[in-house]
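Structural overview
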Amino acid sequence: MAVPAGDRIGPYTIVAPIGAGGMGEVYRARDTRLDRDVAIKILPPAFAADAERLARFEREAKTLASLNHPNIAQIHGIEEMASGRALVMELVEGEDLSLRISRGPIGAAEALPIARQIADALEAAHERGIIHRDLKPANIKLRDDGTVKVLDFGLAKALDSMGSSGGDLMNSPTITSPATQLGMILGTAAYMAPEQAKGRAVDKRADVWAFGAVLYEMLSGRRAFDGDDVSTTLAAVLMRDPDWTAL
């Protein structure tokens, strides 16, 4: 259910909706105590009603909040609501990488500094034992000053409905607007490592795979693995090499 502008969640005043994903609605809000703008992700009611799942999420959120890196969007805290929980996150201004790619391939001189910052973010998280699990252009923000911020670090695990490492294709934590449910599912499938696509346990190598797919897409302007639906997209991941001539 949409939250009207002006409503309060703890010390935060809702300003406007930003977008939505399989894991909840996201709003711009004003922190009245620290006088700053933040992003608030309101978790679905079904999630909040599951005590075990909520406890697991709060444990994961504490680990994610410990990440402090210039290329990782931070988690500020968790707020309680009458209908459940809300996750308070750093609000990152700028366009996401998927919008930049939609305008065409990115030249190496521009792509490499972006890729280096994404790699730095991944390395910092992996050193803390945290895996992104949902790295893709829609989860990468490009600020006007050239800083790259990776969003939703580790939320695919923290918000996983079954606690499995593979995650559910229907429950991507992507924040995209406007986006169809089908578009979000396809966007997730296209960057899954083969073991993740099979529903098996994943480690940091799944992020390395996704990073390669993102870099390929930046340089070529097209997805490394694509299809008309989820099945054909996953088949491409499992069975085919990318078209290297596109590079």
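**With respect to the environment of F153**
Along the chain, the position of F153 falls in the loop between strand 9 (148-150) and helix 5 (155-158). Overall, the relative accessible area of 4% leaves F153 in the buried class. Linking F153 and L135, residues 18 residues apart in sequence, is a C-alpha distance of 8.3 Å. With residues near it in sequence (within four places) discarded, F153 still touches L64, L67, I72, A121, L122, A125, I130 and H132.

**Focus on the environment of M218**
Mapping M218 onto the fold places it in helix 8 (residues 204-220). Given the relative accessible area of 0%, M218 is considered buried. Each C-alpha atom, one on M218 and one on L97, is 8.4 Å from the other, the two residues being 121 residues apart in sequence. Apart from the residues lying within four places of it in its own chain, the contact partners of M218 are L97, I101, P105, I106, A111, I114 and A115.

**Topic: the packing of aromatic side chains**
What the rule picks out here adds up to two aromatic pairs. Arranged with centres 5.5 Å apart and planes meeting at 15 degrees, the rings of W209 and F225 form a pair that is stacked. Here F225 lies in the loop between helix 8 and helix 9 (230-239) and W209 lies in helix 8, a separation of 16 residues in the sequence. Assessed through its relative accessible area of 30%, W209 is described here as partly exposed. When the centroid spacing of 6.1 Å and the interplanar angle of 75 degrees are considered together, the rings of Y216 and W244 count as edge-to-face. Here the residue Y216 occupies a position in helix 8, and W244 occupies one in the segment after helix 9, the gap between them amounting to 28 residues. Y216 gets classed as buried once you look at its relative accessible area, which sits at 5%.

The rules behind the values
Residues numbered from 1 in each chain as written. Predicted model: local features only at pLDDT ≥ 70, side-chain atom pairs only at ≥ 80, totals over all residues. Heavy atoms only, no water. Helix = DSSP H or I, 4+ residues; strand = E, 2+ residues; numbered from the N terminus. Buried < 20%, exposed > 50% of the residue type's maximum accessible area, 1.4 Å probe, protein only. Contact = heavy atoms within 4.5 Å. Phe/Tyr/Trp six-rings, centres within 6.5 Å; stacked < 30°, edge-to-face > 60°.

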